[in-house]
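# Architecture and fold: a report
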Amino acid sequence: MTRVATASTYSAVLDNLMAAQQKQIDAATRVSSQKQATDLKGYSANAETLAALQANQTTVKGYLDQSTVLSNKLSTQDLALNQVADAATGASQAIKNALASGNGDSMMQALQGYFQNAVGGLNMKFDGHYLFSGGQVNTQPVSATQLSDLTAAPSVASLFHNDQYVTSNQLDESTSIKSGFLADGLGTPLFNAFKAIEAYDQGPNGPFTGTLTQAQQTFLQSQIPSFDTAGTNLTYTAGQNGLMQNQVDAATTDLTSRQTMLQTLTGKITDADPAQAAADLSQAQYAVQAAAQVFASLKASSLLTLLPNG
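Since the structure is predicted, the reported quantities are computational estimates derived from the model, not experimental observations.

## Observations regarding the overall build of the chain
- Scanning the chain for helices and strands turns up 7 helices and 4 strands.
- Beginning at the N terminus, the succession of helices and strands in the chain can be written as α-α-α-β-β-α-β-β-α-α-α.
- Looking at the chain as a whole, 37% of its 310 residues qualify as buried.
- Summed over its atoms, the accessible surface of the chain is roughly 16,800 Å², and 54% of this surface lies on carbon and sulfur atoms.

Here's what the structure looks like:
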């Protein structure tokens, strides 16, 4: 006579089938996600270590993101600083050319162009904000547009509208740099040199047109050092900006190495072994099939199949 299954046997077989199905789901998840678990609870004793690693990764990523933005800003700043330095050098050369030819016809036009280049560099923007305005990033730091503005204004200082806040950036937990420069600090010496030329041109011994007089030549010769000094100082400042770029690049390299190390340590905890996960899935599938067959066999042994029809 066929053995009749009891309620407890049904319950045990059903529990085994459900457990096998859950193992199959878990193994399939590891295969598809390549991770050991989907949350911290799945990592048991390693949960605290994993949480600390993830927190460090978030911190490092924040510094890396900031370094990327800062690197781009410094590149734009380098362009602006060199533009202002080139304006000083170009103005000096324009005066030297006029002295060499003894004629000042084109000199003031050339100086006007170089002055506008200097203003353009000092008013340069990055990401929609003025580079050299200090904390007032939405305020244009230089309002002058023509050489005549230098003599029309109460003072050269009145043409600058930056505050005195110098931008500082944190490269990592222990290193910060002052990455900003201010328009008045960069432009005042150069603007004073331009103003002296403009004032002389508009004065009793001007303008600089046609053949230069002896007085004009003597005056222009005396102004060349002012432009040369301004250009040298601006070039030095551009060099300082370049050193900061190197510092940011070094910090980025270090942070990238730290990020890779943290990812490796995290992976040792969270990443599933593909071969093992595939083997576990295969075993889980066999277990489900076996449990299902047992359940089917048990169902076939029901008391109902032994009772006569009708």
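## Details of the layout of surface pockets
- Taken as a whole, the largest pocket encloses approximately 230 Å³ of empty space.
- Those elements giving two or more residues to the lining of the largest pocket turn out to be helix H2 (47–101) and strand S2 (129–130).

## Section: helix H5 (residues 183–202)
- Taking 1.5 Å per residue, 20 residues should reach 28 Å; H5 reaches 26 Å between its end C-alpha atoms and fits that length.
- If you look at H5, its biggest bend is around 30°, right at Pro189.
- All of the buried residues along H5 are Ala183, Leu186, Gly187, Leu190, Phe191, Ala193, Phe194, Ile197, Glu198, Tyr200 and Asp201.

## What to know about the packing of aromatic side chains
- Evaluation of the coordinates by the stated rule reveals 6 aromatic pairs.
- Here Tyr200 and Phe208 contribute two aromatic rings whose centre-to-centre distance is 5.5 Å and whose plane-to-plane angle is 15°, an arrangement assigned as stacked.
- A relative accessible area of 14% means that Tyr200 is categorised as buried.
- Counting every residue linked through ring pairs, the aromatic cluster contains Phe115, Phe160, Phe191, Phe194 and Phe227.

## A short note on unusual backbone geometry
- The amide bond that connects Gly206 to the next residue, Pro207, takes the cis arrangement and shows omega of -5°.
- Following the sequence through the fold, Pro207 ends up in the loop between H5 and helix H6 (214–270).

## Some details on the packing of H2 against helix H3 (residues 107–122)
- Where H2 meets H3, the closest approach of the two axes is 8 Å, and the angle between their N-to-C directions is 170°. On the basis of the axis angle, H2 is roughly antiparallel to H3. Mapping the contact onto sequence places Ala80, Gln83, Val84, Ala87, Gly90, Ala91, Ala94, Ile95 and Ala98 in H2 and Met107, Ala110, Leu111, Tyr114, Asn117, Ala118, Gly120, Gly121 and Leu122 in H3.
- In the contact of H2 with H3, the residues fall into 13 nonpolar, 5 polar and no charged.

## Some thoughts on the packing of H2 against H5
- Relative to each other, H2 and H5 sit at 25°, their axes nearing to 11 Å. In this view, H2 runs roughly parallel relative to H5, as classed from their interaxial angle. The hand of the H2/H5 crossing is left-handed. Here Leu81, Val84, Ala88, Ala91 and Ile95 of H2 come into contact with H5, specifically with Leu186, Leu190, Phe194 and Ile197.

## Considering the confidence of the model for the chain
- For the chain, the average pLDDT comes to 84, and 72% of its residues sit at 70 or higher.
- Overall, residues 1–5 carries pLDDT values under 50, and its contacts beyond four positions in sequence, including any with other chains, amount to 10 contacts.

## What about the pattern of salt bridges?
- The final tally for this structure, using the stated rule, is 3 salt bridges.
- Between Arg258 and Glu173 there is a salt bridge; the shortest N-O distance is 2.8 Å. Remark: Glu173 occurs in the loop between strand S3 (168–170) and strand S4 (176–178) and Arg258 occurs in helix H6; sequence separation between them is 85 residues.
- Arg258 gets classed as partly exposed once you look at its relative accessible area, which sits at 25%.
- Taking the relative accessible area as the measure of exposure, Glu173 reaches 44% and is therefore partly exposed.

## Focus: the environment of Thr151
- For Thr151, the position within the fold is in helix H4 (residues 147–152).
- The sequence separation of Thr151 and Ala196 amounts to 45 residues, and the corresponding C-alpha distance is 8.7 Å.
- In terms of polar contacts, Thr151 uses its side chain to reach the backbone carbonyl oxygen of Ser148, at 3.1 Å.

## Some details on the side chain of Gln216
- Within the secondary structure layout, Gln216 lies in helix H6.
- Ignoring any residue separated from it by four or fewer positions in sequence, one finds Gln216 in contact with Tyr200, Asn205, Gly206, Pro207, Phe208 and Thr211.

Each value, and the rule that gives it
Throughout, residues of each chain are indexed from 1 in the direction in which the sequence is written. In keeping with the model being predicted, local features are shown solely for residues with a pLDDT of at least 70 and side-chain atom pairs are shown and tallied solely at 80 or more, while totals for entire chains, interfaces and linings include all residues. With hydrogens and water stripped out, all remaining heavy atoms of the structure feed into the side-chain values. Each helix corresponds to a stretch of at least 4 residues labelled H or I by DSSP, and each strand to a stretch of at least 2 residues labelled E; elements are numbered beginning at the N terminus. Each residue is assigned to one of three classes by its accessible area relative to the maximum for its type, calculated with a 1.4 Å probe on protein chains only: buried under 20%, partly exposed between the two thresholds, exposed over 50%. In short, Shrake-Rupley with a 1.4 Å probe defines the accessible areas, and a residue's cover is counted only from the protein chains shown. Using a 1 Å grid laid over the protein atoms alone, points where a 1.4 Å probe fits but cannot get out form a cavity; open sets with protein on both sides within 12 Å along at least 5 of 7 lines form a pocket; any residue with an atom within 4 Å of a point counts as lining. Grid points are joined across faces, edges and corners, and a volume is the space filled by probe spheres set on the points. To estimate the expected span of a helix, count its residues, drop one, and scale the result by 1.5 Å. The angle separating two fitted axes, one through the seven residues that finish at a residue and one through the seven that start at it, defines the bend at that residue. Stacked, tilted and edge-to-face are the three classes assigned to paired rings of Phe, Tyr and Trp, where Trp is represented by its six-membered ring and a pair needs centres within 6.5 Å; plane angles under 30 degrees give stacked, over 60 edge-to-face, the rest tilted. In this description, a line fitted to the C-alpha atoms serves as the axis of each element, helices being fitted only across the stretch in contact, and the angle between N-to-C directions of two axes falls anywhere from 0 to 180 degrees. Note on terminology: angles under 35 degrees are roughly parallel, angles over 145 are roughly antiparallel, angles of 65 to 115 are roughly perpendicular, and the others are oblique. Residue contacts are defined here by distance: any two heavy atoms, one from each residue, within 4.5 Å place the two residues in contact. Asp, Glu, Lys and Arg are counted as charged, while Ala, Val, Leu, Ile, Met, Phe, Trp, Tyr, Cys and Pro are counted as nonpolar; the rest, among them Gly, fall into the polar class. Put simply, a crossing is left-handed when the front helix is turned counterclockwise from the back one by less than a right angle, and right-handed when it is turned clockwise. pLDDT expresses, on a scale from 0 to 100, how confident the predictor is about each individual residue. A pair is scored as a salt bridge if a Lys or Arg side-chain nitrogen falls within 4 Å of a carboxyl oxygen belonging to Asp or Glu. Under the rule applied, a polar contact is a pair of N or O atoms within 3.5 Å (in protein, one hydrogen donor and one hydrogen acceptor; residues adjacent in sequence only if both atoms are side-chain atoms).

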